[in-house]
Amino acid sequence: MHTHPFTRKFATIFCLLVLLGHFSTAAESIKRGPYLQLSTDTSVHVVWRTTAVITPSVRIGSHPDKLSSTCSCKQIVVRRNKAHHKSPHALPLFNAPKGTYQYEAKISELKPDTRYYYAVYDGDNRLTPAEAGFTFRTHPKPGTNRDTYIWVVGDSGTGNPSQKQVHQALINHNKKHKLTLDMYLHVGDMAYGSGKDGEFQKKFFEIYQPTLRNTVCWPSMGNHEGQTSRGKSGVGPYYDAYITPTKGEAGGVPTGNESYYSFDYGRTHFVVLNSHDLDRQPTATMAKWLREDLAKTSPNRIDWIIAYWHHPPYTKGSHDSDKEQQLIEMREHIMPILESNGVDLVLTGHSHIYERSMLMDGAYDTPTVAENKILDDGDGDEKGDGAYQKSPGLKPNQGTVQIVTGHGGTGLRRKGYSPVMRRSLVEHGSTLINIKGNELLVTMLNKNGEIKDKFQIHKKKIVQPTRIAEPWKPNAKNNTPKAVDITKDAKYIIPKKAVWQYHTGSFPSPAWTEPNFDTSAWKTGKAGFGYGDDDDTTELKMKNKFASLYIRRNFDLTNLAEARKLLLSISYDDAFIMYINGKEAFRKGVGKGNGKTARDISSHEANGNFELFELSSFTELFNTGKNTIAIEGHNHSPNSSDFTIHPSLVLQIK
Amino acid sequence: MRLLSYIICLACILWVLSFPHVCAHQDLRHSLEELNEHILEKSTPELLFQRAQTYKAMGKLNNAFKDLVSATTAKPNNLAWQLELCRLELVSHHPEKALRIANFALKLAKDRLDRAETHILRAQAYQASGKNQPALHAYQLAFKESPAGKIDWFLMRSECQRLLGRHDEQIRGLRSGLKQFPDSILKAQLVEALIDGKKNLEALKIINNELPTLRFKSAWLIKRARAKINQNDKTTAFEDLYTALMEINERVNPDKPDPLLLADKAKISLLTGDMAAARMHIEQLKKHNAPKWITHRLEQELTKK
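About the thresholds
- Each chain carries its own residue numbering, running from 1 in the written order of its sequence.
- Here every chain gets a letter starting at A, and every ligand a number starting at 1, in the order they are written.
- For this predicted model, a pLDDT threshold of at least 70 governs which residues receive local features, and a threshold of 80 or more governs which side-chain atom pairs are given and counted, while totals over whole chains, interfaces and linings are taken from all residues.
- Derived side-chain values reflect all non-hydrogen atoms in the structure, with water molecules and hydrogen atoms excluded from consideration.
- Where helices and strands are cited, they refer to DSSP runs of H or I of at least four residues and of E of at least two residues respectively, numbered from the N terminus.
- Here the term buried applies to any residue with accessible area under 20% of the maximum for its type, exposed to any over 50%, and partly exposed to those in between, with areas from a 1.4 Å probe on protein chains only.
- Whether two residues touch is decided by their heavy atoms; if any such pair falls within 4.5 Å, the residues are in contact.
- For accessible areas, the Shrake-Rupley method is used with a probe of radius 1.4 Å. Any residue's cover is judged against the shown protein chains and nothing else.
- Within this scheme the basic residues Lys and Arg register as positive and the acidic residues Asp and Glu register as negative, but His and the chain ends are omitted.
- Note on charges: their place is set at NZ of Lys, CZ of Arg, CG of Asp or CD of Glu.
- Note on method: radius of gyration uses C-alpha positions; expected globular size equals 2.2 Å times residues raised to 0.38.
- Of the grid points, spaced at 1 Å and generated over the protein atoms alone, those admitting a 1.4 Å probe that cannot get out make up cavities, while open sets with protein on both sides within 12 Å along at least five of seven lines make up pockets; any residue with an atom within 4 Å of a point is treated as lining.
- Grid points are joined across faces, edges and corners, and a volume is the space filled by probe spheres set on the points.
- Note on residue classes: Ala, Val, Leu, Ile, Met, Phe, Trp, Tyr, Cys and Pro are nonpolar, Asp, Glu, Lys and Arg are charged, and everything else, Gly too, is polar.
- Paired strands, as defined in this entry, are two strands with at least two bridges between them according to DSSP.
- Fitted lines through C-alpha atoms give the axes, limited to the stretch in contact for helices. The angle between two N-to-C directions lies from 0 to 180 degrees.
- The split into domains, and so the bounds of each, comes from an automatic or database assignment of domains.
- Within 6.5 Å between ring centres, the rings of Phe, Tyr and Trp (the latter by its six-membered ring) count as paired, and their orientation is classed by plane angle as stacked under 30 degrees, edge-to-face over 60, tilted in between.
- Charge-over-ring contacts are defined here by two conditions on Lys NZ or Arg CZ: a distance within 6 Å of the ring centre and an angle within 35 degrees of the ring normal.
- Here's the idea: put two parts together, see how much 1.4 Å probe accessible area each one loses, and the total over both is what we call buried area.
- Here a salt bridge means any side-chain nitrogen of Lys or Arg lying within 4 Å of a carboxyl oxygen belonging to Asp or Glu.
- Patches draw on residues past 30% relative accessible area with no salt bridge. Two like charges within 9 Å are joined, as are two nonpolar side chains (Val, Leu, Ile, Met, Phe, Trp, Tyr) within 5 Å.
- We call two N or O atoms a polar contact when they sit within 3.5 Å, provided that within protein one can donate a hydrogen and the other can accept it, with sequence-adjacent residues counted only if both atoms are side-chain atoms.
- Every residue is assigned a pLDDT by the predictor, reflecting its confidence on a scale from 0 to 100.

Structural notes on the overall build of chain A
Counting secondary structure elements, chain A contains 6 helices and 40 strands. Counting only C-alpha atoms and orienting by the principal axes, one finds that chain A spans roughly 100 × 75 × 45 Å. Classification of the 654 residues of chain A by burial places 60% in the buried group. Restricting to contacts in chain A with at least 6 residues of sequence separation, those with at least 24 account for 73%. For chain A, the accessible area works out to roughly 26000 Å², and carbon and sulfur atoms hold 50% of it. In chain A, the 82 positive side-chain charges and the 69 negative ones have mean positions that sit 5 Å from each other.

Here you go:
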């Protein structure tokens, strides 16, 4: 049959447009997900969103090409914004985009510890691609001994490259080691700035989709989600996004709400708390529930207890657990309940850092002290100081390890060192947990795929815990001098209130730290330098103008042996970098850069105190005879109410 | 060129707009400093409210209170702020002031949930003043506005009913709560109410189902002992109490005791008639800043004996 060329062209174009329209429609119809939620040994939830009404169903099977069972639309809960919501079985969405349909399909009557493949359909039209990535594995039967592999992330929800790198590092690590995640725990702040629906979409669901479609995320609410979601009412974008147990469906005791919950996986019991907007008192409802839940956690079927929430009881990262109410209350009120019930691991975020404690128990004071609260001050690595040892079962007060894993993507910071921490790392990453019978292994994987921390807890033999009176403290090996209390006789090489050359108001030449640098244009004045607090001899007009100060002074050393006994005694607010003869020796509170490029400045209160730092690690920087010490001081902000730099140099005689 | 300038400006603006999540991560001290700066430049009720929230997060309730009073004086018709002020007055043990604020706030509440929340605060204020009858009335009004309620509401109303000796109402209320929220705390409270209401057989049935599932049994052994004492079975009751005491002694941290474990020790002493021990445990609770409702309740029991 002959057709006109124009007709043939038109038909081709028309078919192409139809096909394009079809695939566009199919590609666009799922706006979020599908992703997995609330799984048990016999069920799982599949959740997804569209912007058009569909005839939803989920087909599952044991092979991606054989999806023989169907969860039909009659069994699927549909949620919409309030004006259009109809389902009596669920709350409306809080403020999803106009026209959103959220589908929540509970797939039941599954076999325990079994892998299934799934696909989401609109009628007979398949919405998810035909690939093997859409899969889930049910929990093992409760009480079953089963190796478990867990990924933990906190404070990730920025959408920035660091967040994506952290995720990719996990994917690469799993691929390299042929590992499959059993679960994904999030310790909060997954959607900056305020946990709105759109922020969840862009900064959580779109970024983690390759993982969320085959791994359940068990969340805890952060303070940023808490700006738009409410724990008491269970309303908000956070509660729209997740389905968590309320009736003890996945093990644990019913809570009646999604704000806090517990679940079991194999022989591990997970407790998830809301540290943000619920009453944290030991007599409040959440604490009462916690006691009931832990009282029912039987050692006949549980070997490990892992608890997590957002606000860390111990941290000196971007937050200070000695000064903030939520953190203090979690430490003083909740930790005693957990430790008296045998908790093994506590995971938190909020503080933008990775910190990991020694094996500890009973550190409930404010400020936190480590003396007699540490049961093992080693590094916890079986190839190092040895794994942490606890008795088998769930014995009370045998030790907990605290991990702050708030380094999943947002800006990082360290104010100082918590006395209970064994590791403090200012780099992006996430935490991996492997549980194999009576061994629990934790690693910190940074965004470059490197393992930067590792420790184990073993429950192989009966242990009688003993408390260490003077446990390990950070030292020069961590590239920061050990802060010591001087009790020996000493003399001042550079006394307090000595005269220094100083410069502020502009950034000096990079050579300013060199011994031969020309300081004729600089001023001289007596230390301490600064403003505010009425504690500075040389008052500087820096406020609202400039945030850094540069000082230098020469001194003599009789012989190099003296260099090993030198200490810097300094009162500072907020941060500084010290140079010896033109070379940087160490820094406190300045995350990166120098001078003009200095950033990630931590805040630090001087309070009139002088801190001592050993300089024995920097002996090679000193000369016999004339030496030059240079210090650049940084304020957290030019608008800060105060600033202080007051150094002196001390030589220990004995 | 002009278009390029606009594009560069837009990019800069978008870049700066990405800062809020970074700024939001400042610690509270610096958030406070910034708020102080803004307030010095131009004080607004909104800024004062924000600063009050920051002070509250820092535990500085007096400062939070001052700012909240200023904010609500400037904008008295903001319901959320009034309710926040009411809560602060309750925490600061000023129930009469809290009640005045809650009564004022009721006029501002536009929807059922807001009215229910306000009635709950009224009820708490009445209860803190020892006025349990009007407190109960306020709780009932809250449930009328929002029948589904919240777990805490059921628990608070239950306590009010217990104080008024209305055990049957208490039991009915808790059963209704359990239908809404299958929560373990409501269940534990129901059992206590059944025992108080002398419905011992029903209580024992629930207790005996719970005990085998528990790793730590002390709290439920005490409940069973109470039920058995009601049935005049003191021998097995005392066995339960002794077992509970042994378990608590193993678990309680001497430096920072869990107040509910200490309270359980006091209960055991009261039930076994050891008044001296009961007084000692009550003193320990006060020393460790246990809430007044725990010590008050135990002291009432001590007085009865």
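Some details on the overall build of chain B
Check the secondary structure of chain B and you find 18 helices and 0 strands. At 25 Å, chain B has a C-alpha radius of gyration far larger than the 19 Å of a compact globule built from 305 residues. Judged by the C-alpha coordinates and their principal axes, chain B covers about 95 × 40 × 35 Å. Per-residue burial for chain B yields a buried fraction of 49% across its 305 residues. Put simply, of all contacts in chain B between residues at least 6 apart along the chain, 45% involve residues at least 24 apart. Only carbon and sulfur atoms are counted for the fraction: they give 57% of the accessible area of chain B, which is about 15900 Å². Distance between charge centroids for chain B: 4 Å, based on 47 positive and 35 negative side chains.

Quick look at empty space enclosed by the protein
Residue and element names in this part refer to chain A. This model, assessed by the stated rule, comprises 2 cavities of 30 Å³ or more. Roughly 50 Å³ of volume is contained in the largest cavity. Taken together, Thr144, Asn145, Arg146, Thr148, Tyr265, Arg267, Thr268, Asp303, Trp304, Ile435 and Gly437 form the lining of the largest cavity. Considering only residue class, the lining of the largest cavity consists of 3 nonpolar, 5 polar and 3 charged. Pro219, Tyr238, Tyr239, Tyr242, Thr244, Glu258 and Tyr261 together form the lining of the second largest cavity. Residue classes in the lining of the second largest cavity are distributed as 5 nonpolar, 1 polar and 1 charged.

Side note on the sheet that holds strand β6 (residues 101–107) of chain A
Residues and elements named next belong to chain A. Spatial strand order, β1-β2-β6-β5: 4 strands in an open sheet with antiparallel pairing. The sheet is open, and its two borders are formed by β1 (32–37) and β5 (76–79), each paired with just one other strand. Strand-to-strand twist of the sheet, defined as the mean angle between neighbouring strand axes without regard to direction, takes the value 15°. Two strands pair when backbone bridges link them, and strand β2 (residues 44–50) and β6 are joined in this way by 7 bridges, in the antiparallel orientation. The partner of Val44 across the bridge, within β6, is Ile107. Those strands touched by helix α3 (residues 197–212) are β1 and β2, and its axis lies near 70° from that of β1.

What to know about the domain arrangement of chain B
According to the domain assignment, chain B consists of domain 1 (149–197) and domain 2 (252–305). The C-alpha centroid of domain 2 of chain B is placed 23 Å from the C-alpha centroid of domain 1 of chain B.

Some words on the packing of aromatic side chains
All names here are of chain A. Under the definition given, this model contains 40 aromatic pairs over all chains. Seen from their ring centres, Trp48 and Tyr103 are 5.3 Å apart, and the 25° between their planes marks the pair as stacked. Remark: Tyr103 occurs in strand β6 and Trp48 occurs in strand β2; sequence separation between them is 55 residues. Grouping residues by exposure puts Trp48 and Tyr103 together as buried. Here Tyr502 and Phe529 contribute two aromatic rings whose centre-to-centre distance is 5.1 Å and whose plane-to-plane angle is 50°, an arrangement assigned as tilted. Taken together, the positions of Tyr502 in strand β28 (residues 499–504) and Phe529 in strand β30 (residues 529–531) put the pair 27 residues apart, joining distant regions of the chain. A relative accessible area of 11% places Tyr502 in the buried class. Clustering of aromatic rings is evident, with ring pairs tying together Tyr35, Trp151, Tyr184, Phe200, Phe204, Phe205, Tyr208, Tyr238, Tyr239 and Tyr242. Positioned over the ring face of Phe610 is Lys496, at 3.8 Å from the centre of the ring.

Comments concerning the domain arrangement of chain A
All names here are of chain A. Split by domain assignment, chain A resolves into domain 1 (28–138), domain 2 (148–473) and domain 3 (477–652). Between domain 1 and domain 2, the contact holds 31 residues from the first and 28 residues from the second. Contact between domain 1 and domain 2 buries roughly 2300 Å² in total, counting both sides, with carbon and sulfur atoms accounting for 50%. The partner of Asp197 in a salt bridge is Arg49, with the nearest N and O atoms 2.8 Å apart. Those elements giving two or more residues to the side of domain 1 that touches domain 2 turn out to be β1, β2, β6, β7 (115–122) and β9 (135–137). Among the elements that take part in the side of domain 1 that touches domain 2, β1 stands out by supplying 6 residues, more than any other. Residues that form the side of domain 1 that touches domain 2 fall into these classes: 14 nonpolar, 10 polar and 7 charged.

Examining a negative patch on the surface
On the surface, Asp533, Asp534, Asp535 and Glu539 of chain A cluster together to form a negatively charged patch. By the element assignment, Asp535 of chain A lies in the loop between β30 and β31 (538–539).

A few points about the interface of chain A and chain B
Listed per partner, the contact involves 57 residues of chain A and 40 residues of chain B. When chain A packs against chain B, close to 3800 Å² is buried across both sides, 52% of that on carbon and sulfur atoms. Taken as a group, Thr283, Glu292 and Lys296 of chain A account for 14% of the area that chain A buries against chain B, more than any other trio of residues on that side. At the boundary of chain A with chain B, the tally comes to 2 salt bridges. For the interface between chain A and chain B, the tally reads 12 residue pairs in polar contact (both at pLDDT 80 or more). It is helix α5 (residues 285–295) of chain A that contributes the most residues to the side of chain A that touches chain B, 7 residues altogether. Considered class by class, the residues forming the side of chain A that touches chain B number 14 nonpolar, 27 polar and 16 charged.

A few points about the environment of Ser43 of chain B
All names here are of chain B. Relative to the elements of secondary structure, Ser43 occurs in the loop between α3 (28–41) and α4 (45–57). Once the C-alpha coordinates of Ser43 and Glu117 are considered, the two residues, 74 residues apart in sequence, prove to be 30 Å apart. The contact partners of Ser43, leaving out residues within four places of it in the chain, are His38 and Leu48.

Overview of the pairing of strand β39 (residues 625–634) of chain A
Residue and element names in this part refer to chain A. Most of β39 sits inside the fold, with 8 of its 10 residues counted as buried. Note: strand β32 (residues 548–557) against β39, 10 bridges, orientation antiparallel. Paired with Leu557 across the two strands is Gly625, which belongs to β39.

A short note on the side chain of Asp258 of chain B
By the secondary structure assignment, Asp258 of chain B is in the loop between α15 (234–251) and α16 (259–272). What makes Asp258 of chain B buried here is its relative accessible area of 7%. Within polar-contact distance, the side chain of Asp258 of chain B engages the side chain of Arg291 of chain A at 2.6 Å. The residues touching Asp258 of chain B, leaving out its near neighbours within four places in the chain, are Arg291 and Ile337 of chain A together with Val252 of chain B.

Things to note about the confidence of the model for chain B
With 91% of its residues at a pLDDT of 70 or more, chain B has an overall mean of 88. Residue range residues 12–25 of chain B is modelled with pLDDT below 50. Its contacts to residues more than four positions away, or to other chains, number 11 contacts.

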